[in-house]
Amino acid sequence: MSFKPVQKLDVSRTLSDGTSVAVGVLAQNRQGVFFQYDSEYLQQFGNLSPFTLNESVDLQRAPRAPHGGLHGVFADSLPDGWGLLLQDRVFRQHDILPAQVTAMDRLAFVGRRAMGALNFAPESNWQQQQSGTVDLSMLGLEAQALFDGQTDDVLAALVAAGSSGGARPKAQLYFHPDNPQQCRTYGEEGDEPWLVKFTSKNLALGHEEGLCEAVYLQLAEQADLQPPEFRLLDAPQQSGARAWLAVKRFDCSEQGKLHMHSACGLLDADFRMPSLDYEDLIKASRQLCRSPAVGQLQFRRAIFNLLASNQDDHSKNWAFLQNDQGRWSPAPFYDVTFSPHPFAEHATSYVGFGKQPPLKSIQKLAASAGYSNWKQAQLAVQEIAEVLSGFAQQARQQGVSSSTTKLMSETLEQRLSENKHLMQVKS
């Protein structure tokens, strides 16, 4: 059977109460991918992507880059490395070469299972819906084996759970609050949606990735940086991990969804290369959310990343949520973990500096964030440094090995030393 790429997709949005509304239509031809809003949607809900989409019913062609020929807001619905790997395995099983597949085909594959509130129809029939419960241990071991290159076989349940972003092996799963050991790839009434991150010996922190991220999320919580809700799940002994990290999905309401938009999609800032600056992120956050307090929150998060050596702070790791009334707010502080770059460079720069930003750059950043003076912003910097000084104690409590704790502590001390000029009070 010859493969025919998708030519047209209907786009809908799931509201917070679970109802679905038509958003518009995506279509592609040789000239590219085009989108047209539904006029009723625009009148009632406004623009999904205020910086790059026009609030108009005119046809709007997607840029060729940086989203693979899609508009940024729809590219946000596609998975990244891990999810694309799963998709490609399924395409090959159907004798379809990944090179034949368009971004629109991948949206049809995702269908109703994207992160965020957008849905795409008709859905492709390449993946079969899995019903009933799945074994979390088996799913995690399968994901680990696939990620490590030990198998080419892909469980259907793993594909059904694999529409999230990022390069690490993970799964979108639903847990019932009364029975946290039981999970499903499709939610039933009363279930809670979580994202479970598995581990691998080939990750930077090996099988301690989940434990270390949990420590960072705890520290971010202490610093009032609004991280997502999380918990650690016991991992089977043969996995090599003591625990897997589960993060509660913040794009979901009790009954429905919230529209989620990454800084990558919102600002056309390619996450694969350094293309975003914290100054632009802070200005965009204040403009979008119409709040000076949001600017200060993003400034404090930027300082946390600087001092905590979270240098994988690319544009996909910053996002915004829109409610049914069209109001925007910053997403929780997610994917916050120890991730030093080989050259100690941040993916998002600090007023032009990828590392060791000078005082004047951080002062400019603080002014953009809405601080009335540097002394006020400096207090925030000192508070973040104070919270991070408790890393080793938190890591020991969480069961992180002494060797990993030592490695991370030494790096944090180095970052603090490199940036001590930000905390020095001039006499």
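Above this text sits the structure in question.
Along each chain, the written sequence defines residue order, and numbers are assigned to residues from 1. Only residues with pLDDT of at least 70 are given local features in this predicted model, and only at 80 or more are side-chain atom pairs given and counted; all residues enter the totals for whole chains, interfaces and linings. Values reported for side chains reflect all heavy atoms of the structure, with hydrogen atoms and water molecules removed beforehand.

Some words on the packing of aromatic side chains
In step 1: Classification of ring pairs uses Phe, Tyr and Trp, with its six-membered ring standing for Trp, and accepts pairs whose centres are within 6.5 Å; under 30 degrees between planes counts as stacked, over 60 as edge-to-face, and the remaining range as tilted. On inspection of all chains with the given rule, the structure shows 15 aromatic pairs.
In step 2: Between the aromatic rings of Y216 and F391, the centroid separation amounts to 6.1 Å while the plane-to-plane angle is 85°, which identifies the pairing as edge-to-face. Of this pair, Y216 sits in helix α7 (residues 209–222) while F391 sits in helix α13 (residues 391–398), and the two are 175 residues apart along the sequence. Comparing Y216 with F391, the two get one shared label, buried.
In step 3: Joined through ring pairs, the aromatic side chains of Y216, Y278, F304, W318, F333, Y350 and F391 make up one cluster. By the criteria applied, helices consist of DSSP H or I runs no shorter than four residues and strands consist of E runs no shorter than two, each listed in order from the N terminus. Buried residues are those whose accessible area, probed at 1.4 Å on protein chains only, stays under 20% of the maximum for their type, while exposed residues exceed 50% and partly exposed ones sit between those limits.

Examining the side chain of K257
In step 1: Along the chain, K257 turns up in the loop between β11 (243–248) and β12 (259–262).
In step 2: The buried charged residue K257 lacks any salt bridge, with D251 as its nearest oppositely charged partner at 4.5 Å.
In step 3: N or O atoms closer than or at 3.5 Å make up a polar contact, with two conditions inside protein: a donor-capable atom paired with an acceptor-capable one, and, for residues adjacent in sequence, both atoms drawn from side chains. Among the polar contacts made by the side chain of K257, one reaches the main-chain carbonyl oxygen of G116 at a distance of 2.9 Å.
In step 4: The residues contacting K257, other than those within four sequence positions of it, are T14, L15, S16, R112, A114, G116, A117, R249, D251 and C252. Counted charges follow a simple rule, with Lys and Arg positive, Asp and Glu negative, and His plus the chain ends left uncounted. Any carboxyl oxygen of Asp or Glu that lies within 4 Å of a side-chain nitrogen of Lys or Arg is treated as forming a salt bridge with it. Residues are treated as being in contact if the distance between any of their heavy atoms lies within 4.5 Å.

A closer look at unusual backbone geometry
In step 1: For the peptide bond that leads from A65 to P66, omega is 10°, which places it in the cis range.
In step 2: The topology assignment puts P66 in the loop between β4 (60–61) and α2 (72–75).
In step 3: Residue P122 is reached from A121 by a cis peptide bond, and omega for that bond is 0°.
In step 4: Position of P122 relative to the elements: it lies in the loop between β5 (118–121) and β6 (133–134).
In step 5: Positioned with a positive phi, D95 is a non-glycine residue whose angle comes to about 60°.
In step 6: Its relative accessible area of 70% is what places D95 among the exposed residues.
In step 7: A positive phi angle, close to 50°, is found at R290, a residue other than glycine.
In step 8: Along the chain, R290 turns up in the loop between α9 (278–289) and α10 (292–308).
In step 9: The class for R290 is exposed, based on a relative accessible area of 74%.

Things to note about the pairing of β11
In step 1: Among the six residues of β11, five are classified as buried, and the element is accordingly described as predominantly covered.
In step 2: Alignment of strand β9 (residues 192–197) against β11, held across four bridges, turns out to be antiparallel. From the neighbouring strand, K197 faces β11, where its bridge partner is L245.
In step 3: We treat two strands as partners when DSSP finds at least two bridges between them. Examined bridge by bridge, strand β10 (residues 230–234) and β11 share five bridges and lie antiparallel to one another. For R231, the partnering residue across the bridge sits in β11 and is A246.

Observations regarding the nonpolar core
In step 1: One finds Y216, F299 and F304 to be the most contacted residues of the largest nonpolar core, which totals 62 residues.
In step 2: In terms of residue count, α10 provides more of this core than any other element does, nine residues in total.
In step 3: Setting aside its immediate chain neighbours within four residues, F304 contacts Y216, L219, A220, L225, F333, V336, I384 and L388.
In step 4: Note on terminology: a nonpolar core comprises buried Ala, Val, Leu, Ile, Met, Phe, Trp, Tyr and Cys residues joined through side-chain atoms within 4.5 Å. Counting residues in each nonpolar core, the second largest holds 29 residues, with Y37, Y41, A103 and L118 among its members.

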